[in-house]
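# Close look at the chain arrangement
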Amino acid sequence: MKAVFKRLMTMAGAAATFAGVSTAALAAESGIKEWQLGFQASVTDVMDDITWFNGFTLVIITVITLFVLALLIVCMTRFSAKKNPVPSRTSHNTMIEVVWTVAPILILVVIAIPSFRLLYKQLDIPEYEMTVKATGYQWYWGYEYTDENMGELSFDSIMVKDDERQAVADARGVTLNEVPRLLSVDYDLVIPVDTTVRVQVTSEDVIHSFAMPSFGVKVDAIPGRLNETWFHAREEGVYYGQCSELCGKDHAFMPIAIRVVSKDQFQTWSTAAQDDLDTANQQLLASIADTKKLAAAGKLEEISVAAK
Ligand SMILES: [Cu+2]
């Protein structure tokens, strides 16, 4: 069923591209759409839980709001001054007071249990396979791969300006929609798929916040402090986030772009990037484009059969 749905989505994406529908193409690439309401598509367990929890609390607050509305309507009609020329002198009702104290406590407990479970899931870092360090600067992010086998690889990641988007798209051999405005950066943070990654977050100047909606990640970047979080992305793609703590005049212009690639692609990229980051990125994009072309032509299955 899932496979059928995915295929339909791919076909829809292809059709939209032919029709020149920019939003659909954008969505197919990164899980973001123009004028988007609601969350970006989830690619981690934590974000799955956040999405569920959002729906769960939405149901509770909807029921409470409707209940209060009903009470108001009852009060306004049944207990109006017109219908009650002689007002009641009731001032206490033990039963009602017990109910309106206990019921909200129970509701809060029902909300608190999954809420705390989710908080601990976000903050308890499981056994991780690699570490990246993100440092906030006014106004861009710097990334550092701190594992020994990564050879002190580090780079800054700066937003692609409006007038540079076309040039970047041309250089990467992609459409303009794949370089989304205010979200694309010159150097993406590259991460392997299906890998538990520990993220250390700090800042060099003021407080920033490292946020990646599709991963359910948001953690403050505080000068002099090293905060930690983690993620385990299960799908390849490019994911976008933004600095989420007001940090000065260009706060809106320091996006975060994480490119999740296959483990093989990451291996090749990380080895090459330690010598020459630009060439490594070009090779990586070429490899991703090849994979996409093959997938589009439906040849992936043939290759896997041939490989066996
Ligand atoms: Cu900021």
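Conventions and cut-offs
- Residues numbered from 1 in each chain as written.
- Predicted model: local features only at pLDDT ≥ 70, side-chain atom pairs only at ≥ 80, totals over all residues.
- Heavy atoms only, no water.
- Helix = DSSP H or I, 4+ residues; strand = E, 2+ residues; numbered from the N terminus.
- Buried < 20%, exposed > 50% of the residue type's maximum accessible area, 1.4 Å probe, protein only.
- Contact = heavy atoms within 4.5 Å.
- Areas by Shrake-Rupley, 256 points an atom, 1.4 Å probe, with all protein chains shown as cover.
- Donors = N, O, S within 2.8 Å, 3.2 Å for Na, K, Ca; no water.
- Tetrahedral: all angles 85-135°; square planar, octahedral: opposite > 155°, others 65-115°.

## Structural notes on the overall build of the chain
What the chain contains, in helices and strands, is eight helices and ten strands. Scored against the burial criterion, the 308 residues of the chain give a buried share of 34%. By sequence separation, contacts in the chain at least 24 residues apart represent 67% of the contacts at least 6 residues apart. Here the chain displays about 19300 Å² of accessible surface, and carbon together with sulfur accounts for 61% of that area.

## Focus: the coordination of the copper ion
Six octahedrally arranged donors around a metal ideally form angles of 90 or 180 degrees; four tetrahedrally arranged donors ideally form angles of 109.5 degrees. Coordination of the copper ion by the protein involves Cys-243 (SG), Glu-245 (O), Cys-247 (SG) and His-251 (ND1), with metal-donor separations of 2.0 to 2.7 Å. Here the copper ion is ringed by four donor atoms whose angles at the metal span 85 to 131°, and the overall shape comes out tetrahedral. All donors of the copper ion come from a single chain, and their spacing in sequence reads C-x1-E-x1-C-x3-H. Classification of Cys-243 as buried rests on a relative accessible area of 6%. Residue classification places Glu-245 among the partly exposed positions, given a relative accessible area of 31%.

## Things to note about unusual backbone geometry
Put simply, Gln-138 and Trp-139 share a cis peptide bond, and its omega is 0°. With respect to the helices, strands and loops of the structure, Trp-139 is situated in the loop between strand E1 (130–137) and strand E2 (140–145). Positive phi outside glycine occurs at Trp-35, with the angle close to 55°. Residue placement: Trp-35 occurs in the loop between helix H2 (22–30) and helix H3 (45–78). Unlike most non-glycine residues, Glu-152 shows phi in positive territory, near 55°. When you line up the elements, Glu-152 lands in the loop between E2 and strand E3 (154–157).

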